[in-house]
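Residue-level structural notes
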Amino acid sequence: MATRTKNVTRNLISGLFNKLVHLVFPFIIRSVTIQVLGAEYLGLGSLFTSILQVLNLAEMGFSNAVVYNMYKPIAEKDKTTICALLNFYKKIYRIIGLVIMVIGLVLMPFLPHLIDGNVPDGANIYILYGIYLLNTVSTYFLFAYKSALVNAHQRNDIINNMLALTSLIQFVAQIVVLLVFKNYYVYIIVQCFTSILNNLLVAYIAKKKYPEYVCDGEVSKEQKKDIKKRVAGLMIQRVCATTRNSFDSIFISSMIGLTAVAIYSNYYQIMVAIMGIMGIVSSSITASVGNSIVTESEKKNYNDMNKFNFLYMWVSGWLTVCLACLYQPLMKLWMGEENMFPYGIVVLFCMYFYALRMGDIRAVYSDAKGLWYENRYRAIAESIANVVLNLVLGYFFGVAGIIAGTLISLLVINFGYGSQILFKHYFVTHKVSEYFLRHGLYAIVTLVICAATYFVCSFINVGGIPELIIKGGVCVVLPNALYYMIYCKMSMFKEAKSFLRRLAPGKMIKRRKE
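As a convention, each chain's residues are numbered from 1 in the sequence order in which they are written. Confidence filtering applies because this is a predicted model: local features only for residues at pLDDT of at least 70, side-chain atom pairs given and counted only at 80 or more, and all residues used for totals across whole chains, interfaces and linings. Derived side-chain values reflect all non-hydrogen atoms in the structure, with water molecules and hydrogen atoms excluded from consideration.

1. Here's the deal with the overall build of the protein
Broken down by element type, the protein carries 21 helices and 0 strands. Burial classes: relative accessible area under 20% of the type maximum marks a residue as buried, over 50% as exposed, and values in between as partly exposed (1.4 Å probe, protein chains only). Considering the protein as a whole, with its 514 residues, one finds that 52% of them fall into the buried category. Residue pairs at least 24 apart in sequence account for 83% of intrachain contacts in the protein once pairs closer than 6 positions are excluded. Calculation of accessible area relied on Shrake-Rupley with a 1.4 Å probe; when residues are assessed, cover is drawn exclusively from the protein chains displayed. With the model as given, the accessible surface of the protein reaches about 23900 Å², and the carbon-plus-sulfur share is 67%. Counting from the N terminus, the helices are the DSSP runs of H or I reaching at least four residues and the strands are the DSSP runs of E reaching at least two. Any two residues whose heavy atoms approach within 4.5 Å are treated as being in contact.

2. What about helix 8 (residues 184–209)?
If you check helix 8, its first and last C-alpha atoms are 38 Å apart, about what 26 residues at 1.5 Å a residue would give, namely 38 Å. We define a polar contact as two N or O atoms separated by no more than 3.5 Å, with the added condition that, inside protein, one atom must be a possible hydrogen donor and the other a possible acceptor, whereas residues neighbouring each other in sequence contribute only through side-chain atom pairs. Between the side-chain oxygen of the N-cap and the backbone nitrogen of Tyr185 there are 2.8 Å, and the N-cap of helix 8 in question is Asn183. Helix span is expected to be 1.5 Å times the residue number reduced by one.

3. Some words on the side chain of Asn199
Mapped onto the elements of the fold, Asn199 is located in helix 8. A relative accessible area of 9% places Asn199 in the buried class.

4. Topic: the side chain of Thr33
With respect to the helices and strands, Thr33 occurs in helix 1 (residues 2–36). What makes Thr33 buried here is its relative accessible area of 1%. Excluding anything up to four places from it in sequence, Thr33 contacts Gly38, Leu42, Leu178 and Tyr187.

5. Notes on the packing of helix 13 (residues 298–334) against helix 18 (residues 432–457)
Between two packed helices, the angle of one axis relative to the other and the distance separating the axes together describe the packing. In this description, a line fitted to the C-alpha atoms serves as the axis of each element, helices being fitted only across the stretch in contact, and the angle between N-to-C directions of two axes falls anywhere from 0 to 180 degrees. Where helix 13 contacts helix 18, the two axes come as close as 9 Å, and the packing angle between them is 25°. Judged by the inter-axis angle, helix 13 sits roughly parallel to helix 18. In the crossing of helix 13 with helix 18, the sense of the turn from one axis to the other is right-handed. Residues Tyr302, Met305, Asn306, Asn309, Phe310, Met313, Gly317, Val321, Ala324 and Cys325 of helix 13 pack against Glu434, Tyr435, Arg438, His439, Tyr442, Thr446, Ile449, Cys450, Thr453, Tyr454 and Cys457 of helix 18. Of the residues contributing to the contact of helix 13 with helix 18, the split by class is 13 nonpolar, 6 polar and 2 charged. Orientation categories follow fixed angle ranges, with anything under 35 degrees roughly parallel, anything over 145 roughly antiparallel, 65 to 115 roughly perpendicular, and all other angles oblique. Handedness of a crossing is defined here by the sense of rotation of the near helix relative to the far one, left-handed for an anticlockwise turn of less than a right angle and right-handed for a clockwise turn. Polarity classes work like this: nonpolar for Ala, Val, Leu, Ile, Met, Phe, Trp, Tyr, Cys and Pro, charged for Asp, Glu, Lys and Arg, and polar for all others, with Gly in that last group.

6. A look at a nonpolar patch on the surface
Where nonpolar side chains cluster on the molecular surface, the patch consists of Met255, Ile256, Tyr377, Ile380, Ile384, Val388, Leu391, Val392, Tyr395, Phe396, Phe397 and Tyr417 and spans about 1200 Å² of accessible area. Residue position: Met255 is located in helix 10 (residues 247–255). Met255 gets classed as partly exposed once you look at its relative accessible area, which sits at 30%. For patch building, the residue pool is restricted to those with more than 30% relative accessible area and no salt bridge; the joining distance is 9 Å between like charges and 5 Å between nonpolar side chains (Val, Leu, Ile, Met, Phe, Trp, Tyr). Salt bridge, as applied in this entry: a Lys or Arg side-chain nitrogen positioned within 4 Å of an Asp or Glu carboxyl oxygen.

7. Quick notes on the pattern of salt bridges
Enumeration over the complete set of coordinates arrives at 8 salt bridges. The residue Lys332 makes a salt bridge to Glu337 at a minimum N-O spacing of 3.4 Å. The exposure class assigned to Lys332 is partly exposed, which follows from its relative accessible area of 48%. A relative accessible area of 54% means that Glu337 is categorised as exposed. Between Lys471 and Glu467 there is a salt bridge, with its nearest N and O atoms 2.8 Å apart. Of this pair, Lys471 and Glu467 both sit in helix 19 (residues 464–487), 4 residues apart, roughly one helical turn. Each of Lys300, Asp304 and Lys307 takes part in a single network of salt bridges with overlapping partners.

8. Comments concerning the packing of aromatic side chains
In summary, the pairing rule links any two rings of Phe, Tyr or Trp, Trp by its six-membered ring, whose centres are within 6.5 Å, and it sorts them by plane angle into stacked for under 30 degrees, edge-to-face for over 60 and tilted for everything else. Tallied over the full model, the rule gives 36 aromatic pairs. Look at Tyr267 and Tyr327: their rings are 5.2 Å apart centre to centre, the planes differ by 45°, and that puts the pair in the tilted class. Here Tyr267 is found in helix 11 (residues 258–284), whereas its partner Tyr327 is found in helix 13, with 60 residues between them in sequence. Take Tyr327: its relative accessible area is 2%, and that puts it in the buried class. Arranged with centres 6.5 Å apart and planes meeting at 50°, the rings of Phe396 and Phe397 form a pair that is tilted. Assigned by exposure class, Phe396 and Phe397 land together as exposed. Every member of this aromatic cluster is reached through a ring pair, and the members are Tyr302, Tyr365, Phe415, Phe423, Tyr426, Phe427, Tyr435 and Phe436.

9. Side note on unusual backbone geometry
Backbone geometry at Lys182 places phi at a positive 55°, although glycine is not the residue there. Within the fold, Lys182 resides in the loop between helix 7 (156–180) and helix 8.

10. Description of the nonpolar core
In terms of nonpolar packing, the biggest core is built from 81 residues, with Tyr264, Met305, Tyr327, Phe349 and Tyr365 touching the most fellow members. With 17 residues, the top contributor of residues to this core is helix 13. Among residues more than four places away in sequence, those in contact with Tyr327 are Tyr267, Ile270, Met271, Cys322, Val346, Phe349 and Cys350. Only buried residues count toward a nonpolar core, which is a set of Ala, Val, Leu, Ile, Met, Phe, Trp, Tyr and Cys residues joined through side-chain atoms within 4.5 Å.

11. Concerning the environment of Leu407
Inspection of the secondary structure puts Leu407 in helix 17 (residues 399–425). For Leu407 and Phe353, which are 54 residues apart along the polypeptide, the C-alpha to C-alpha distance reads 9.1 Å. Residue contacts for Leu407: discarding those within four places in its chain leaves Leu348, Met351, Tyr352 and Ala355.

12. What about the environment of Gly97?
Relative to the helices and strands, Gly97 resides in helix 4 (residues 79–107). Separated by 40 residues in sequence, Gly97 and Val137 place their C-alpha atoms 5.3 Å apart. For Gly97, the contacting residues outside a window of four places in its chain are Val137, Tyr140 and Phe141.

Now the structure itself:
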């Protein structure tokens, strides 16, 4: 238990530091890119990244399945099985890399059809795309498979630290390249080199920490069958996530243009940065939830899920309020009024963010229970609905329609259907309607608090950084005070409060000594 707690703690700290690096520097780089090269180059980068994220579906969640199958042999110190899994992983990853390279090259002639409007002067989209493709493919042909060994030993902090280091090198070098050479080709070549460096460093550390594990042997038929089943479920879910996150940029580029993609990606990156931080928090409890599912009763786990969900949705609601009140002042200060969407689209972004968070704790329990295969039809339905709604609503309403389409499929299928699957296969003695009612209450409370906070912030019009700071102060104090006033009499609040007290450092140290 002590080792697990130690791993979770350092994984959380390293994850937060890594996320901070990827939160601050990309904003700086996007600002410099727009000022030096223009928004169209930023749009090209977003488009190519989205295309390659789709191609990365060839990985199919295979790494997750292999890591899952490593847990037991690592606990049993079964060196033979671990080496065989590592060898299997290496072979499959190289096949995946080859598949991505071939499909990526086949797509090259169709690139102009994915861009509405003119390409930036002096930009050869085929060369630029080729460098992006090389960056993606090189990961599969090098030593990325060794990261599975590190992950399976619950040492994500090693990968986080290496990624933070190489990313810092990359970001600083890219800023220098933009300011001194003003060359987008060199800018993305730097990214390619640092990706290779990151893989080499992770491979070196994996070999140094776990020298006893080498790529050798063959996995059993039973293991291949288990991996195949889990990969099938994970692959379908990855398709769902990719169509949700990547197709939006592709649709906007093909229907509206690269400038709209650049503006959309600016707003989306702010949301993704916050989601990344929230994701670290939710992922840090996954191992504990998995252990609890095995050792505790369904009733206790259901109560724990409600408790975690209450706390998580409080924080998510507060962040939604912050986005509603601070999105536009931040964008005006960062990118200027010419690179801003109307506030109606901002509201849709806020709803999008909140809807995504609604399913996070449920997803933790679903993953810990291993319900990937059971979720396959949900993921397929969400993917199809998302694409169809994006096409139809995007045609009539532009960017707002594309976001709305994603939001509808997310609420109805991901959250609604996904929650029903968890209750059908695990929380069988509890009603999903009760879970929906709780979320309905949290959403209504957040909407009221959001409106009240926005109303107060509307009177603050001093402009620039002072306005952002003052509104930020209001968003820190007022929403949480209102949440407390509304929730403080609820039994769930008292349970959550008691849980947080038990997590206090002094309490944890005392329990450890006992």
